[in-house]
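# Residue-level structural notes
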Amino acid sequence: MSALLRVQGLTRRFGGLAAVADVSLAIEPGEIFGLIGPNGAGKTTCFNLITGLLPPSAGSVEFAGRSVVGLAPYRVTEMGMARTFQNIRLFGEMTALENVLVGTHVRLRAGVFGGIIRTPSVRREESAARERAMGLLDLVGLAGAADLPAAGLPYGRQRRLEIARALATEPQLLCLDEPAAGMNESESRELMDLIRKIRERGVTVLLIEHDMHVVMNLCDRVAVLNFGQKIAEGTPAQIQVDPAVIEAYLGRDDGAAD
Amino acid sequence: MSYYLQVATFICISGILGLSVYLVLSTGQLTLGNAGFMLLGGYTAGLLAIRLGWPIWLTVPAGGLLAAVVAVPLGAATLRLRGVYLAIATLGFTQSLVVIANNLTITGGALGLKDIPNLAARLQRFLRGVLAEAPLGLTMAQFANLLVLLISAALLGLAYWLIVRQGKSRVGRAFTAIRTDEVAASAMGINTTYYKVLAFAQGAFLAGVAGGMMAHLTYFIGPNDFGFSRAVEMLVFVVVGGTAVPAGPVLGAALLRALSEYLREAKDLRLIVYGGLMMLMVLVRPQGLLTPGMFAGWRRRLGLGPRRPAPGKGAGA
């Protein structure tokens, strides 16, 4: 099986600092892949490089066999990659439903004239988009909040709304940047169920996460970043006992005998 | 009578100008270029009518189209600037057009364009040909002015309707998304450059049409009708009326235009009152007189609350 997302030698320097240094990843279709690492390890930078928000200093990113380096973010989204943000970036004054409708933008065709005249085909497209958006709100458990302004939703719901909005772009690969951040235990359990449901719909998931409980229970494979470099990769069970990972998270135990 | 009709007519033209700035602001861009586009539209319409004898119903849209065509490359070049930098760049555009109009022979230099065919006069001549006397007990001149007002109001209404319709469409959602968070909008698959240039060109078109109408309403236009103060005035319409609903700039235009007519007697004092009002507005109600929340509230009170497309399974977790 060829990888859906293949990242090779990905590097991003900010001045003298390499925030991401020579990172290579291969994400297979249908898997839930976790990207973990201590604070400042370069995980979000990695996401921004993959989704086109930042240009890499070196390296390649191939999605479904095509290079996405140098493409505008909207083109990357068009190709089937969608993302959420660590610091939630919803369109606050729009309702939850409208936020998800913005996500459908890339799959709709109505232009200026179609939108103003509302031709039958535009009306069909629009009502199909609304139906799909409502379906996605239902999937993330927000159907009852469809008409509420996004900014007024509680934090956990905003996170789930961002996921619905990203799904509305009909991605093959969904990139989630710390989806469980700030969630309590029951919320993060629900989130895990949701991510599994999303995978069942045929969407591959790449997620950055701090909550080890979520990572260990959800991910098929995990890569660990530290100071911009990949220090380990494997199944959650392998990662948990990897000495380099333990050192990165807990520090070296100098007192122990080897 | 004719005076009030003319004031009302200029309120409509100002409303179109307010909407032209509103369109650009609806993608989060602050422009002072629409005075320049108004100049382009005004001179284009005036020259086409004077030199080539084009009818007014052709010169006005031609002015708008030329402004929009110029706006596309200008927008593509300047819209990567943000906030005050974009405002400065577009103000530069406006001011350089003023300088150019001041110095070209074809534009009449500082003296401006004279003897532009006047819409009211044309209508009056036409009406005398078909009617024995004006209806409604008006004089023929009054009736012609009334028709000019109706035409201007129809243009304003059309512009308003188009903006509202567009606002509820896929394009309008893209505008709002870009205004709220450009990075998130582009990550959601919106070609932000395309939509920003689109809004900029649409605003330029409206400003060009307003400029063309101005030219045909006043017999005479000069370069100084379209400079810095005009650019700021349009912005003030939007700031006072409200930046988030299209009715805002129309209300702002109506109030400020009426106020400035009312204060005409006061001469220089007028500018002080005007400026003081501006400051008060920005300090006390920076979001403008009209807000989307107010509209939602009125709709609820009238029982026109938003419909749920499909009842969900409870309120979620």
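Residues numbered from 1 in each chain as written. Chains lettered and ligands numbered in written order. Predicted model: local features only at pLDDT ≥ 70, side-chain atom pairs only at ≥ 80, totals over all residues.

### Here's the deal with the overall build of chain B
Helix and strand content of chain B: 13 helices and zero strands. Along chain B, from the amino end to the carboxyl end, the secondary structure elements read α-α-α-α-α-α-α-α-α-α-α-α-α. Dimensions of chain B along its principal axes, counting C-alpha atoms only, are 75 × 45 × 40 Å. Counting the 317 residues in chain B, one finds 49% classified as buried. For chain B, restricting intrachain contacts to residue pairs at least 6 apart in sequence, the fraction spanning at least 24 positions comes to 77%. (Helix = DSSP H or I, 4+ residues; strand = E, 2+ residues; numbered from the N terminus. Buried ≥ 20, exposed ≤ 12 C-beta atoms within 10 Å, placed from the backbone. Contact = placed C-beta atoms within 7 Å.)

### Thoughts on the confidence of the model for chain B
Residues and elements named next belong to chain B. For chain B, mean pLDDT is 89; residues scoring 70 or higher make up 95% of the total. Looking at the elements of chain B, mean pLDDT is at its lowest for helix α12 (residues 268-284), recorded as 78, and at its highest for helix α9 (residues 192-218), recorded as 96. Here residues 307-317 is modelled with pLDDT under 50, and outside its nearest four sequence neighbours on either side it reaches 23 contacts, counting other chains as well. Confidence estimates for the predicted assembly give a pTM of 0.90 and an ipTM of 0.91. (pLDDT = per-residue confidence, 0-100.)

### Remarks on the sheet that holds strand β5 (residues 66-67) of chain A
All names here are of chain A. Taking strand neighbours across the sheet as the criterion, the four strands line up as β2-β1-β4-β5 in an open arrangement whose pairing is antiparallel. Every other strand in the sheet has two partners, leaving β2 (17-27) and β5 as the edge strands with one partner each. With two bridges joining them, strand β4 (residues 58-63) and β5 adopt antiparallel strand pairing. Residue pairing across strands places F63 opposite R66, the latter belonging to β5. (Pairing = 2+ DSSP bridges.)

### A look at the pairing of strand β9 (residues 221-226) of chain A
All names here are of chain A. In this structure, strand β3 (residues 32-36) lies alongside β9, joined through four bridges in parallel fashion. For L35, the partnering residue across the bridge sits in β9 and is A223. If you look at the hairpin formed by β9 and strand β10 (residues 229-234), you'll find two residues sitting between the two strands, and F227 has a positive phi there, around 45°.

### Remarks on the interface of chain B and chain A
Each partner contributes to the interface: chain B provides 30 residues, whereas chain A provides 41 residues. Sorting elements by how many residues they give to the side of chain B that touches chain A places helix α7 (residues 170-180) of chain B first, with seven residues. Classifying every residue of the side of chain B that touches chain A gives 14 nonpolar, ten polar and six charged. (Nonpolar A, V, L, I, M, F, W, Y, C, P; charged D, E, K, R; others polar.)

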